[in-house]
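# Geometric and topological summary
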Amino acid sequence: DSSEWKDFHYAWGALGGQSVVEFGKESEKRDMAAACSGWAGANPQAAIAWFNSQEPDQQNRRDLKWGAVYGLANADPQVATDFAMQRQELGDKDAAHMMNLVAITVLRTGNPLEAARWSTSLPEGSLQDVAVSQVAQGYAKEDPTNAITWLESLPQSKGQTKGLGVAFSAWASRDADAAGKRLNLMGESPARDSAVNGYARRIVYENPRSALDWASTINNPKVRNDTLVNNGRIYAKRDREGARQWLAGSNLSPDIQRQIMGSSTRK
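Residues numbered from 1 in each chain as written. Predicted model: local features only at pLDDT ≥ 70, side-chain atom pairs only at ≥ 80, totals over all residues. Heavy atoms only, no water.

### Some thoughts on the packing of helix 9 (residues 112-121) against helix 10 (residues 126-142)
Two elements in contact, helix 9 and helix 10, have axes whose closest approach is 9 Å; the angle formed by their N-to-C orientations is 165°. Accordingly, the angle class assigned to the pair helix 9 and helix 10 is roughly antiparallel. The two elements helix 9 and helix 10 meet at a crossing, and its hand is left-handed. Contacts between helix 9 and helix 10 involve Pro112, Leu113, Ala115, Ala116, Trp118, Ser119 and Thr120 on the former and, on the latter, Gln128, Ala131, Val132, Val135, Tyr139 and Glu142. Split into classes, the residues belonging to the contact of helix 9 with helix 10 amount to nine nonpolar, three polar and one charged. (Axes fitted to C-alpha atoms, helices over the stretch in contact; angles between N-to-C directions. Helix = DSSP H or I, 4+ residues; strand = E, 2+ residues; numbered from the N terminus. Parallel < 35°, antiparallel > 145°, perpendicular 65-115°, else oblique. Left-handed = near helix turned anticlockwise from the far one by under 90°. Contact = heavy atoms within 4.5 Å. Nonpolar A, V, L, I, M, F, W, Y, C, P; charged D, E, K, R; others polar.)

Pasting the structure below:
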């Protein structure tokens, strides 16, 4: 499990390809993952052809498929994108996590705007949602205002909604006042609810009452209550008496108040 051993297998897989990967089939360690990653990075098409020739139980080996997607993402993100989409078509429950990895690689190897274009070029659906939300997080860390402008230009989707949440969270960590002013410009919508949720969850550690006040403006009852409970519990753990005083004037239901105050005493 050492980094040196993984590096050795990656390099060996890049040089030896199929014979090296097959050599590791019986290993109880993760030799095959690193070897497959090295092969996929050095010769993507050969590695994919061999992978697709394997029986379904072999294709579903986590060391093999994760090794493949890591190597493919480093070699050619578009080939890795196609691989993740193929795995989804075959019913692989890890396909979304694979696409998330590809998105991280695309962000690392290109500029955020190119990554944004890549994510929206994917077919609509769960994998695009994963890509958009992951790109939004990376984009917002570099340029939050443009990241949010991009997200707001997209059609409503789970990816756009979640992306706004992570983008406002990232922005709040840099400039909570500016992010709050931008939130005030948004009309009621699922996108705003997600944005407020992300913003409130970020500022609760520095300004818990402000975070709770923001959470109270969320329109969707479930999202609002979940955000209030999460932030209220954090407040109660840090300042139980302050949280109690805030709850006294909050008009929250007794059940929500119990969820907030009761959880703070659990061990």
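### Considering the packing of aromatic side chains
Taken as a whole and judged by the stated rule, the model has nine aromatic pairs. With centroids separated by 5.3 Å and ring planes inclined at 70°, the aromatic side chains of phenylalanine 51 and phenylalanine 83 adopt a geometry described as edge-to-face. One end of the pair, phenylalanine 51, is in helix 4 (residues 44-52); the other, phenylalanine 83, is in helix 7 (residues 77-89), and 32 residues separate them in sequence. A single burial state applies to phenylalanine 51 and to phenylalanine 83, both of which are buried. An angle of 75° between the planes, with centres 5.3 Å apart, marks the rings of tyrosine 199 and tryptophan 214 as edge-to-face. Here tryptophan 214 lies in helix 14 (residues 208-215) and tyrosine 199 lies in helix 13 (residues 190-203), a separation of 15 residues in the sequence. With relative accessibility at 14%, the residue tryptophan 214 sits in the buried group. By the ring-pair criterion, three or more aromatic residues cluster together here, those being Trp5, Phe8, Trp12 and Phe23. (Phe/Tyr/Trp six-rings, centres within 6.5 Å; stacked < 30°, edge-to-face > 60°. Buried < 20%, exposed > 50% of the residue type's maximum accessible area, 1.4 Å probe, protein only.)

### Section: the nonpolar core
By size, the foremost hydrophobic cluster in this structure holds 66 residues, and its most contacted members are Met99, Trp118, Trp150 and Phe168. Once you skip the residues sitting within four places of it in the chain, tryptophan 150 turns out to touch Ala116, Ser119, Thr120, Val132, Val135, Ala136 and Tyr139. Listed in part, the 13 residues of the second largest apolar core include Leu212, Ala215, Val229 and Ala243. (Core = buried A, V, L, I, M, F, W, Y, C linked by side-chain atoms within 4.5 Å.)

### What about the pattern of salt bridges?
As enumerated under the stated definition, the model contains eight salt bridges in all. Ionic pairing is found between lysine 65 and aspartate 92, a salt bridge with its closest N-O pair at 3.0 Å. Residue lysine 65 is located in helix 6 (residues 62-75), and its partner aspartate 92 is located in the loop between helix 7 and helix 8 (95-109); the two are separated by 27 residues in the primary sequence. We classify lysine 65 as buried; its relative accessible area is 4%. Judged by relative accessible area, which is 8%, aspartate 92 ranks as buried. Salt-bridge contacts for glutamate 241 lead to arginine 244; the nearest nitrogen and oxygen are separated by 3.8 Å. Highlighted residues: glutamate 241 and arginine 244, both in helix 16 (residues 240-248), separated by three residues, approximately one helical turn. Among the charged side chains, a network of salt bridges with common partners joins Arg62, Lys65, Arg87, Asp92 and Asp94. (Salt bridge = Lys/Arg side-chain N within 4 Å of Asp/Glu carboxyl O.)

### Description of the confidence of the model for the protein chain
Overall, the prediction assigns the protein chain a mean pLDDT of 92, with 98% of residues at 70 or greater. Mean pLDDT values for the elements of the protein chain range from 86 in helix 17 (residues 254-263) up to 96 in helix 13. Ignoring residues within four places in sequence, the model shows residues 263-267, a span with pLDDT below 50, making seven contacts including any to other chains. (pLDDT = per-residue confidence, 0-100.)

### Notes on a nonpolar patch on the surface
A cluster of nonpolar side chains, namely Trp5, Phe8, Trp12 and Phe23, defines an oily patch on the protein surface of about 470 Å² accessible area. With three residues, helix 1 (residues 3-16) is the largest single contributor of residues to the nonpolar patch. Turning to its location among the elements, tryptophan 12 is positioned in helix 1. Exposure remark for tryptophan 12: the relative accessible area of 31% places this residue in the partly exposed category. (Patch = residues over 30% accessible without salt bridge, like charges linked within 9 Å, V, L, I, M, F, W, Y side chains within 5 Å. Areas by Shrake-Rupley, 256 points an atom, 1.4 Å probe, with all protein chains shown as cover.)

### Thoughts on the environment of leucine 247
In this structure, leucine 247 sits in helix 16. Since its relative accessible area comes to 3%, leucine 247 is described here as buried. Here the alpha-carbon distance between leucine 247 and methionine 32, two residues 215 residues apart in the chain, equals 55 Å. For leucine 247, the residues in contact, after removing those within four places along its chain, are Leu252, Gln257, Ile260 and Met261.

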